[in-house]
Amino acid sequence: METIKIKYFSEEIERLGYVAGKSDWIDLRSAEEVVMKAGEFRLIPLGVAMKLPKGYEAHVIPRSSTYKHYGILQTNSCGLIDESYCGDQDQWFFPALAMRDTVIHVNDRICQFRIMRHQPEISFEETEELTGENRGGFGSTGRQ
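**Q** So what's going on with the pattern of salt bridges? Which residues, and what values?
**A** When the charged atoms of two side chains lie near each other, side chains of opposite charge can form a pair. All chains considered together, the criterion is met by seven salt bridges. Among the salt bridges present, the one from Arg-15 reaches Glu-11, with a minimum N-O distance of 3.3 Å. Note that Arg-63 and Asp-27 form a salt bridge whose closest N and O atoms lie 3.2 Å from each other. Residue Arg-63 is found in the loop between strand S6 (56-62) and helix H1 (66-70), and its partner Asp-27 is found in strand S2 (residues 26-29); the two are separated by 36 residues along the sequence. Exposure class is identical for Arg-63 and Asp-27. Each is buried.

**Q** Now, about the sheet that holds S2: what can you tell me, with residues and values included?
**A** Strand order in the open sheet made by the four strands is S2-S11-S6-S8, with antiparallel pairing throughout. Each having just a single partner strand, S2 and strand S8 (79-82) make up the two edges of the open sheet. Within this sheet the neighbouring strands show an average axis-to-axis angle of 30°, counted without direction. Direction of pairing for S2 relative to strand S11 (residues 109-117): antiparallel, over a ladder of four bridges. Pairing of Ile-26 across the sheet is with Phe-113, part of S11.

Conventions adopted
Residues numbered from 1 in each chain as written. Predicted model: local features only at pLDDT ≥ 70, side-chain atom pairs only at ≥ 80, totals over all residues. Heavy atoms only, no water. Salt bridge = Lys/Arg side-chain N within 4 Å of Asp/Glu carboxyl O. Helix = DSSP H or I, 4+ residues; strand = E, 2+ residues; numbered from the N terminus. Buried < 20%, exposed > 50% of the residue type's maximum accessible area, 1.4 Å probe, protein only. Pairing = 2+ DSSP bridges. Axes fitted to C-alpha atoms, helices over the stretch in contact; angles between N-to-C directions.

This is a description of form; function is not addressed.
What follows is the structure, encoded as structure tokens:
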């Protein structure tokens, strides 16, 4: 089991932990009340900074209910935080674009993260032909 050092910037947010039996993603919460108008962009503080283990990165994405509950989109689609972002003031933020007027309260779960090992170093070998099954070249169905 890996151990991650974490600093909390707020006493009001719940401490991080797994939702037992539900997922191996960990929810992150708003560390302050945020009022947004439709079309407004904000960096929502998540109230934590972490020292990730060497060779790891965090992937931060919205929860499946984030848009339904709050009407916000994560502007970078998927946030990537590598182990170099580990200073005492390197608080994590959620870059949000409001699609409708909304209020996000302290401790509301707005996104989630997991840590992953860095991709191994790879090389590319050019070829004239690939021998796998031809699926049509578009998505999982091969249909356009």
